[in-house]
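# Structural overview
So the chains spell out like this:
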Amino acid sequence: MNDLINVVDWSRAQFALTAMFHWLFVPLTLGLSVIVAVMESAYVRTGSAKWLALTKFWMKLFGINFAIGVATGIILEFEFGTNWSNYSWFVGDIFGAPLAIEGLLAFFMEATFIAVMFFGWGKVSKRFHLTATWLTAFGATISSAWILIANAWMQYPVGMEFDPAQMRNIMDDFWAVALSPVAIHKFFHAVFSGWTLAGVFVISVSCWFYLRKRNEAMALRSIKVGGWIGLAGIVGTLWSGDGSAVDVARVQPMKLAAMEGLYHGGRGADLIAVGVLNPSKEYDDEQEPFLFETKLPNMLSLLATHDLNGYVPGINDLIDGISIDENGDTVKTVSYAERIAIGKQSHEALRAYDKARAANDTAAMDKAAADLKATFQYFGYGYLDSPSDAIPPVGLTFYSFHIMVLAGGYLLLFIIVYLTIAYKKSSWLTNRWWQWIGIISLVIVYVCSQAGWVTDEVGRQPWIIEGLMPTRAAISFISSGMVQLTFWLFAAIFTGLLAAEISIMLKAIANGSKSDYDSLPDSPSAETQSPTQSTKS
Amino acid sequence: MDEYIFLQNYWWLLISILGAVLVFLLFVQGGQTLFMFCSNDTYRSLMINSLGQKWELSFTTLVVFGGAFFASFPLFYSTSFGGAYWLWMIILFSFIMQAVSYEYRSKPGNIFGTTTYDTFLFINGCVGCILLGVAVAMMFFGGEFEVTRSNLLDAPSPVISRWVSEGHGIEAIFNWHNLLLGFTVLFLARTQANLYFINNIRADDGGRFMAACKRGTLANGIIFVVFFLAFMGVLLTSASYRSGGSGNVVAIEPYKYLNNYISMWWVGVTLIIGVVMVLYGIGRGALDRTYRSGIWFSGIGTVLVVLTLFWVAGYNDTAYYPSLADATSSLTIRNSSSSLFTLKVMSWVSLIVPVVLGYIAYVWYSMNRKPVTPQSVKDDNESH
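All residue numbers refer to positions counted from 1 along the written sequence of the respective chain. Chains and ligands are labelled by the order in which they are written, letters from A for the one and numbers from 1 for the other. In keeping with the model being predicted, local features are shown solely for residues with a pLDDT of at least 70 and side-chain atom pairs are shown and tallied solely at 80 or more, while totals for entire chains, interfaces and linings include all residues. As a convention, hydrogens and water are excluded, and side-chain values are obtained from all of the structure's heavy atoms.

The name an unreviewed UniProt entry assigns to chain B is Cytochrome d ubiquinol oxidase subunit II, from the organism Candidatus Amulumruptor caecigallinarius. One UniProt comment on chain B, placed under Subcellular location (unreviewed entry), says "Cell membrane". UniProt positions are given in the numbering used here, feature names are shortened, and annotations may be inferred rather than shown by experiment. Database annotation for chain B, UniProt heading Sequence similarities (unreviewed entry): "Belongs to the cytochrome ubiquinol oxidase subunit 2 family."

In the annotation of an unreviewed UniProt entry, chain A is listed under the name Cytochrome ubiquinol oxidase subunit I and assigned to Candidatus Amulumruptor caecigallinarius. UniProt lists a comment for chain A under the heading Subcellular location (unreviewed entry), and it reads "Cell inner membrane". Under the UniProt heading Sequence similarities (unreviewed entry), the note attached to chain A is "Belongs to the cytochrome ubiquinol oxidase subunit 1 family."

With 91 residues of chain A at the contact, the number on the chain B side is 81 residues. Once two parts are put together, the accessible area they lose, assessed with a 1.4 Å probe and summed over both, is termed the buried area. Both faces combined, the contact of chain A with chain B buries some 7,600 Å², and carbon together with sulfur accounts for 75% of it. Any pair of nitrogen or oxygen atoms within 3.5 Å is treated as a polar contact; in protein, a donor-acceptor pairing is required on top of that, and neighbouring residues in sequence qualify only through side-chain atoms on both sides. At the boundary of chain A with chain B, the tally comes to 18 residue pairs in polar contact (both at pLDDT 80 or more). The way it works is that DSSP assigns letters per residue, a run of H or I at least four long becomes a helix, a run of E at least two long becomes a strand, and they are numbered from the N terminus. Mapped onto the side of chain A that touches chain B, the elements with two or more residues apiece are helix H1 (2-46), helix H2 (49-82), helix H3 (85-119), strand S2 (168-171), helix H11 (336-358) and helix H15 (480-513) of chain A. When residues in the side of chain A that touches chain B are grouped by element, the largest group, 27 residues, is from H3 of chain A. Throughout, a residue-residue contact means that at least one pair of heavy atoms, one from each residue, lies within 4.5 Å.

On to helix H3 (residues 41-52) of chain B, then. An ideal rise of 1.5 Å per residue puts 16 Å on twelve residues; H3 of chain B measures up with 16 Å between its terminal C-alpha atoms. Restricting attention to buried positions, one finds in H3 of chain B the residues Tyr43, Leu46, Met47, Ile48, Asn49, Ser50, Leu51 and Gly52 of chain B. In this scheme, a helix's expected span is set at 1.5 Å multiplied by one less than its residue total. A 1.4 Å probe rolled over the protein chains alone gives each residue an accessible area, and that area as a share of the maximum for its type sets the label: buried under 20%, exposed over 50%, partly exposed in between.

To continue, consider the nonpolar core. Residue and element names in this part refer to chain A. Core analysis: the largest hydrophobic core is formed by 286 residues, its most contacted members being Leu32, Trp58, Tyr87 and Trp153. For this core, the element with the most residues is H3, which contributes 20 residues. Those residues within four positions of Trp153 in sequence are excluded, and the remaining contacts are Tyr87, Val91, Ile94, Phe95, Val158, Met160, Val177 and Ile465. Residues Tyr263, Ile319, Tyr336 and Tyr381 belong to the second largest nonpolar core, which totals 21 residues. We define a nonpolar core as any set of buried Ala, Val, Leu, Ile, Met, Phe, Trp, Tyr and Cys residues linked to one another through side-chain atoms lying within 4.5 Å.

The next point concerns the environment of Asn151 of chain B. All names here are of chain B. By the secondary structure assignment, Asn151 is in the loop between strand S1 (145-147) and strand S2 (161-163). For Asn151, a relative accessible area of 14% gives the class buried. Separated by 131 residues in sequence, Asn151 and Ile282 place their C-alpha atoms 51 Å apart. Apart from the residues within four sequence positions on either side, Asn151 is in contact with Ser157, Pro158, Val159, Ile160 and Arg162.

It is worth spelling out the domain arrangement of chain A at this point. Residues and elements named next belong to chain A. Start and end points for every domain follow an automatic or database-based domain assignment. Domain parsing of chain A yields domain 1 (2-252 + 420-513), domain 2 (255-332) and domain 3 (336-387). Computed over C-alpha atoms, the centres of domain 1 and domain 2 are 32 Å apart. With eleven residues of domain 1 at the interface, the matching set in domain 2 holds six residues. Of the roughly 770 Å² buried between domain 1 and domain 2, counting both surfaces, carbon and sulfur atoms make up 64%. We define a salt bridge as a side-chain nitrogen of Lys or Arg found within 4 Å of a carboxyl oxygen belonging to Asp or Glu. The tally of links from domain 1 across to domain 2 stands at one salt bridge. Linking domain 1 with domain 2 are five residue pairs in polar contact (both at pLDDT 80 or more). For the side of domain 1 that touches domain 2, the secondary structure elements donating two or more residues are helix H7 (216-251) and helix H14 (432-458). Ranked by residues supplied to the side of domain 1 that touches domain 2, first place goes to H7 with five residues. The class makeup of the residues in the side of domain 1 that touches domain 2 is four nonpolar, four polar and three charged. Throughout, the ten residues Ala, Val, Leu, Ile, Met, Phe, Trp, Tyr, Cys and Pro are labelled nonpolar, Asp, Glu, Lys and Arg are labelled charged, and all others, Gly among them, are labelled polar.

So, about the pairing of strand S3 (residues 240-243) of chain B. Strand pairing requires that DSSP identify at least two bridges connecting the strands. As defined by bridge partners, S3 of chain B adjoins strand S4 (residues 249-253) of chain B across four bridges and the pair is classed as antiparallel. Residue pairing in the sheet places Arg242 of chain B in a bridge with Ala251 of chain B of S4 of chain B.

A few words now on the environment of Ser523 of chain A. Residues and elements named next belong to chain A. Looking at where Ser523 falls in the secondary structure, it is placed in the segment after H15. Among the residues examined, Ser523 registers a relative accessible area of 37% and is labelled partly exposed. Separated by 475 residues in the primary sequence, Ser523 and Ser48 place their C-alpha atoms 4.8 Å from one another. For Ser523, the contacting residues outside a window of four places in its chain are Gly47 and Ser48.

With that settled, the discussion passes to the packing of aromatic side chains. Working definition: a ring pair exists when centres of Phe, Tyr or Trp rings (six-membered ring for Trp) sit within 6.5 Å. Plane angles under 30 degrees give stacked, over 60 give edge-to-face, the rest tilted. One pass over the full model with this rule turns up 87 aromatic pairs over all chains. The interplanar angle of 65° and the centroid separation of 6.3 Å between the aromatic rings of Trp208 of chain A and Phe209 of chain A together place this pair among those described as edge-to-face. Among the residues examined, Trp208 of chain A registers a relative accessible area of 22% and is labelled partly exposed. Ring geometry for Trp55 of chain B versus Tyr102 of chain B: centroids 6.0 Å apart, planes at 15°, classification stacked. Here the residue Trp55 of chain B occupies a position in helix H4 (residues 55-72), and Tyr102 of chain B occupies one in helix H6 (residues 85-104), the gap between them amounting to 47 residues. By definition, being over a ring means that NZ of Lys or CZ of Arg is both within 6 Å of the ring centre and within 35 degrees of the ring normal. The ring of Trp121 of chain A carries the charged tip of Lys56 of chain A above its face, separated from the ring centre by 4.7 Å. Directly above the aromatic system of Tyr156 of chain A lies the positively charged group of Arg250 of chain A, at a separation of 5.6 Å from the ring centroid.

Here Gly66 of chain B shows up in helix H4. For Gly66 of chain B, a relative accessible area of 2% gives the class buried. Along the primary structure Gly66 of chain B and Leu195 of chain B are separated by 129 residues, whereas in three dimensions their C-alpha atoms are 28 Å apart. Among residues more than four places away in sequence, those in contact with Gly66 of chain B are Glu77 and Phe78 of chain A together with Tyr77 of chain B.

The next subject is the packing of helix H6 (residues 181-211) of chain A against H15 of chain A. Residue and element names in this part refer to chain A. To obtain an axis, a line is fitted to C-alpha atoms, over the contacting stretch when the element is a helix, and the angle between two such axes runs from 0 to 180 degrees between their N-to-C directions. Where H6 contacts H15, the two axes come as close as 10 Å, and the packing angle between them is 55°. By the angle between their axes, H6 is oblique relative to H15. Classified by chirality, the crossing of H15 by H6 is right-handed. Where H6 approaches H15, its residues Phe201, Val205, Trp208 and Phe209 are matched on the opposing element by Met505, Ile509, Ala510, Gly512 and Ser513. Each angle receives one of four descriptions, namely roughly parallel if under 35 degrees, roughly antiparallel if over 145, roughly perpendicular if within 65 to 115, and oblique otherwise. By convention, the crossing between two helices is left-handed when the near helix turns anticlockwise from the far helix through less than a right angle, and right-handed when the turn is clockwise.

Residues and elements named next belong to chain A. Like charges within 9 Å and nonpolar side chains (Val, Leu, Ile, Met, Phe, Trp, Tyr) within 5 Å are joined into patches, using only residues over 30% in relative accessible area that form no salt bridge. Every accessible area reported is derived by Shrake-Rupley at a probe size of 1.4 Å, with residue values counting cover from the shown protein chains alone. On the surface, a cluster of nonpolar side chains totalling about 790 Å² of accessible area is made up of Val274, Val276, Leu291, Phe292, Tyr399, Ile403, Leu406, Val443 and Val447. Within the residue set of the nonpolar patch, elements represented by two or more residues are strand S4 (271-277), strand S5 (290-296), helix H13 (394-424) and H14. By residue number, the principal contributor to the nonpolar patch is H13, which donates three residues. Inspection of the secondary structure assignment puts Tyr399 in helix H13. In this structure Tyr399 comes out as partly exposed when scored by relative accessible area, which is 33%.

Next comes the structure, spelled out in structure tokens:
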């Protein structure tokens, strides 16, 4: 049993490590591909050598980032098999489909057209090249769509039924899986956060150009393009984040309670703006949950239910099965202790079904199947020992959520300010303060981006599939020593590759900053001009 | 034919196609084992830049092969990947190293130096080919696993698919049956890399590079043929499990794969056509001094031969993943597939495959119209 827990913990650690490394690169790919495509569109429309130089500079950085994104991504798909073998059988019938569709629809598109993007200059026409650049961006985006559909399904399992004969879930409604509201909000939230990150990346690198007093015109133009994409990104992120919050309140109320450190909920719940959790607080004691907090009145209710007076349950309310009905009366729902009992009955029913099937006893099979159907909703709870097992790590969930929200608010302000400066007061960019704020904000956007995923994934513990399968039942038949070894190998290799990526990126940025941008013509050169092209930029 | 059986057959066909195309595309890996020991800098640069435009295709095909297997035969995914842990992890580590190496090897500031990245590519070339060959060979020669679905209800130890061997895949790597296919794939990939270079590169050196590639084709081609014949000899004399109406294994059948080639005569014919095309491609590619199209014959032939290997592994009531530990745990395309509903959905999605193949072919054609030359490498800002 101890090694089981160790295997679960190390497998989770390995997945978290590899996923977090991968997510360092994916958002930049999602956003920068669009920024590069916009720049190349401007080049094709105007024939300007300046736009071409800009396109090629950012494309080079895109390529450096893309390669390590691919390298860190391959392992994630296969880890479901290597480390989460039971999961792969239990829900592979549903979960495998989005991964396969992603490969078929998106990966080939990316892999094919990125080759044109990088090696096609001069080999294919300008328009074909531009199409390839847009298709690379499109491929990256639809790739993320299918991954987020898969992830959303783990958090909100829909569109399937359990087949007791095979002891697995089978899909019965593809569109419910593909178009679940959780998936849609997640998709937009992740893609727009990628646009935000890339926008801030472009502004940040451009501020470094200003700091070194190199190619300031190139930097200014980049800030304008990156700023607009970043602004669209952060606005879209906030909008989809709002939708996600409502989803979480509806389908993962325990996660929301952990995100807010809310033990006792109610109507008109307050949102914690800033707070320090009491580290010794347990759900079943009477200690105060916070050492210090600043609240925004009724805002949690507004966020979760779009109603200032909406009911938001706390951790204890959920565990005790207490809720409020539409008339405002307190009602009793299924407590977590009851869920665990029902889950164990569900296991018994499945065991009975298996026995009856082996004995070819149809009547007993029918009875067991009916019992199973009645209790299957809480099947996963049957693996838990006590209600406290169903509470996610509150500290990590709370802090990561609040870091994400605070950083997100800062980034909205940051992008608006830098976009305004770029258009109205570009001389301010020669000031060191503005330069350094621009550069340092890159760290904030990465922290924000990672914190979002930490909230999402830690907050849904202990479930790998909400309510149906805890992580402890999803693992492979391997020892913790094996996973520890691969964990450290991944840690070492990915850290080495990250160091190389950053070093190469810095060199490429430094080289780009020294290019002779100013002397390039902004109107069509003899080489690039064609009679139909506009000369406006 | 029952719809479910039809769709299981159809999805095994798609898996076969992806597997066959992947083996062809492993010429990229084969090429990676060649350039490291090339002493001529120009030739090395030409080879790297020729492969550098294609590596993502083999990489992507591997990923899609995995995803398609997951969606259509999830029990294989949970059994093989979770069981032969080390085999798959070593393969994956080698592909991780490949993915950055082309892009980073010649970039300023790459920390570890060009030789390190070239070594990564060499390792991926050898390990990728040999171990993917081993993984496919296990479809014939088996793995040491048990599948017990009721384990799901054993809370302290709930895993359904269990690898019995302590080696967790290492034992498969040292099984000489499996290694025969591993080395067959390696030398096929090296042979086809030479043929690809002949087709894709114009070294402008009076034909010396091309002549060297032709010598490489011949030398690697001969070794490949020896390994291939040995593998086929073992395969065709091997027994394997036959499944019954339930989809589970009912008996062991001597000469199972030979019988499959004979009873499914079209598979046998495809094998012969494929072998002839490979031999023609290699033979003419190596011996005809001006011939540049050997890769196409050899490549298409490879796809056909590998298709037949998958077909005899999975069709005709054969266990495509035989269990050496417990015969009844063996996987067949009937007892390990996704549900009828999922296979139907995925079959609709698979209608996009011709479009995907179409644009890949178009882009390949557009990009390869101009061969790689010393001048093109010099002019290209993105060269590796």
